[in-house]
Amino acid sequence: MTAATAAADSLAESLVGRAVHVKVPATSANLGPGFDTLGLALARYDELDVEATDAADHRIEVHGVGEGQVPLDESHLVVRAIAHTFHRAGVPMPKLHLVAHNSIPHGRGLGSSGAAIVAGVMAAKGLLAGIVEFTPDELLELATELEGHPDNVAPALFGGLTIAWVTPEGPRHKKLIVHRGVSPLVLVPEHEMSTALARSLQPESVPHEDAVFNVSRSALLIAALIQSPELLLAATEDKLHQHYRAQAMPETDRLIRVLRAAGHPAVVSGAGPSILVLASDPSERADAIRLLEESADTEWHALPLAVDFLGATVTDAAS
Ligand code: HSE
C-alpha cells in the first residue's frame, strides 16, 4: 500500500459515523419560454438521511415515491451523485446507509431526477464538511454534469426563481425572489413522460422569428414573476419546445389550451406531462382547478404549491 493510498483509506475511515439529513424541493423548469434556462423551486420535498458506515456494502431504503421501483444499489441516482462528488473531492466514498422519504412524483416534469442528484451532491457536501468545501458554482457544476442541463438543479439547490446559463467555465445562476402574489398550481396526470423522448422531438434549429419571440417572452417573464404578475399570460407564451412535444402528451396540450383560453397562464412543467399554472392569486388557482375537473378526460391531481425560497438544505444528524 502506498502512502497516498493509506492516507486516502484513513480519510475514508474517519468519515465513518458521520450522518446528514438532506431536504430538496421539487422544481418546475422552462416556465413556458425559458427553455433549459428558467426554473422555480416548489414546496414539495424529498428528504434523506445518509450515514457513512464501515459495512461491507451500501444499505439503501426508499419510502414513498419510487418505493419498489428504483434500484437499491450503487446505481441509485442519489448514490451516483454522492460518488461523483466524492470523486471530484478526491476522497474515497465510504459505504452508505441511505434512507429516502420521497414525495416528488417521478417522470412528471417536477424535477425528481434533478432533486435526487442535488440530494446526493448536498449529502456529499455535508459528509465532507471540514475536509473539502464546495462553492455554490461548484455544487451547480457537479449537479449539472449529471443532469445535463441546469434549469432544474439550479432552483433545487438555491430555491426561488433561478436563471441558469452555461459558460466555458461551467454553469452559473442568478436567484430571484418571486412576487408574493404568484400562486403556483401543478396539475399532475397519472401517466409519466420521458425527458429523453421529449428532447428527441426537438428540432436541431428553429426559425429566427421563433427565437426572437421567445427572447421577448423570457425577458417579459422575469418582469412578470418578480414585479407584474398581471403580465403572466403574455409572458408564458412559447414557440421553442411545447408544440414540438405536444404529440407525445396530447391531453396536456389540450388542457393547456383550455386553461389559457380562460386566461390562466398554463405551461408544460419541465418536459411534462404535468401542467404548471402560474396563477396570480389563490382564487385563480381555485378557478383553474374547477376548469380542470370539468375538462379532463383522465385523472389529474391538483397540487397548489408555494414557492420554496430556501432550496436544498443539509444538516448534521446524530448517528
Ligand atoms: N429543460 C428541460 C426540458 C427540463 O424541457 O427538456 C426537463 O428536464
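Residues numbered from 1 in each chain as written. Predicted model: local features only at pLDDT ≥ 70, side-chain atom pairs only at ≥ 80, totals over all residues. Heavy atoms only, no water.

I'd like a rundown of the environment of Asp-36, residues and numbers included.
Looking at the secondary structure, you find Asp-36 in the loop between strand S1 (19–29) and strand S2 (38–53). Distance in space between the C-alpha atoms of Asp-36 and His-149 is 6.4 Å, their sequence separation being 113 residues. At 2.7 Å, the side chain of Asp-36 and the side chain of Arg-199 are in polar contact. (Helix = DSSP H or I, 4+ residues; strand = E, 2+ residues; numbered from the N terminus. Polar contact = N/O pair within 3.5 Å; in protein donor to acceptor, adjacent residues only side chain to side chain.)

Before we move on, could you go through the site of the ligand and cite the residues and values that matter?
Close contacts around the ligand come from Ala-29, Asn-30, Phe-35, Asp-36, His-149, Asp-151, Asn-152, Thr-195, Arg-199, Arg-245, Gly-270 and Ala-271, and that covers them all. Within the side chain of Asn-30, one N or O atom sits 2.8 Å away from an oxygen atom of the ligand. Between an oxygen atom of the ligand and a side-chain N or O atom of Arg-199, the distance comes to 2.6 Å. Coverage of the ligand by the protein amounts to 96% of the 260 Å² it exposes when considered alone. Counted by class, the shell around the ligand contains three nonpolar, five polar and four charged residues. Each of domain 1 (3–175 + 308–316) and domain 2 (183–304) contributes no fewer than three residues to the shell around the ligand. (Near = heavy atom within 4 Å. Areas by Shrake-Rupley, 256 points an atom, 1.4 Å probe, with all protein chains shown as cover. Nonpolar A, V, L, I, M, F, W, Y, C, P; charged D, E, K, R; others polar. Domains from an automatic or database assignment.)

Explain the pattern of salt bridges residue by residue, including any values.
Under the defined criterion, the tally for this structure stands at 10 salt bridges. For Asp-287, the salt bridge is made with Arg-290, and the minimal N-O distance between the two is 2.3 Å. Taken as a pair, Asp-287 and Arg-290 lie in helix H11 (residues 282–295) at a separation of three residues, close to a single helical turn. Asp-287 sits in the partly exposed class, given a relative accessible area of 35%. Under the relative-accessibility criterion, Arg-290 is labelled partly exposed at 45%. (Salt bridge = Lys/Arg side-chain N within 4 Å of Asp/Glu carboxyl O. Buried < 20%, exposed > 50% of the residue type's maximum accessible area, 1.4 Å probe, protein only.)

So what's going on with the domain arrangement of the protein? Which residues, and what values?
Domain annotation for the protein reports domain 1 (3–175 + 308–316) and domain 2 (183–304). Put simply, the middle of domain 1 and the middle of domain 2, counted by C-alpha atoms, are 27 Å apart. Counting residues at the interface gives 21 residues for domain 1, matched by 35 residues for domain 2. Buried area between domain 1 and domain 2, summed over both chains or domains, comes out near 2,000 Å², and the portion from carbon and sulfur atoms is 64%. Of all residues in domain 1, Pro-33, Phe-35 and Arg-108 bury the most surface against domain 2, accounting for 33% of the area lost on that side. Between domain 1 and domain 2 we count two salt bridges in total. Put simply, Arg-108 and Glu-192 hold a salt bridge, and the shortest N to O gap is 3.6 Å. Counting across the interface, domain 1 meets domain 2 through 14 residue pairs in polar contact (both at pLDDT 80 or more). For the side of domain 1 that touches domain 2, the element with the highest residue contribution is S2, accounting for four residues. By residue class, the composition of the side of domain 1 that touches domain 2 is 10 nonpolar, eight polar and three charged. (Contact = heavy atoms within 4.5 Å. Buried area = accessible area lost by both parts, 1.4 Å probe.)

Any details on the side chain of Arg-285? Residues and values, ideally.
Tracing the sequence through the fold places Arg-285 in helix H11. Buried and unpaired, Arg-285 has no salt bridge, with Asp-281 as the nearest side chain of opposite charge at 7.9 Å. Excluding residues that lie within four positions of it along the chain, Arg-285 makes contacts with Ser-183, Pro-184, Leu-185, Ala-279, Pro-304 and Leu-305. (Lys, Arg positive; Asp, Glu negative; His and termini not counted.)

Can you break down H11 residue by residue, with the values?
Between its first and last C-alpha atoms H11 spans 20 Å; for 14 residues at 1.5 Å apiece the expected length is 20 Å, and the two agree. By the burial criterion, the buried members of H11 are Glu-284, Arg-285, Ala-288, Ile-289, Leu-291, Leu-292 and Ser-295. Looking straight down H11, one finds that the buried residues subtend no more than 160° of arc, so they occupy a single side. Exposed residues on H11 whose side chains face more than 90 degrees from its buried face are Pro-282, Glu-293 and Glu-294. Residues of H11 that are buried make contact with strand S7 (183–189), helix H10 (250–261), strand S9 (275–279) and strand S10 (300–304). (Expected span 1.5 Å × (residues − 1). Arc of directions from axis to C-beta.)

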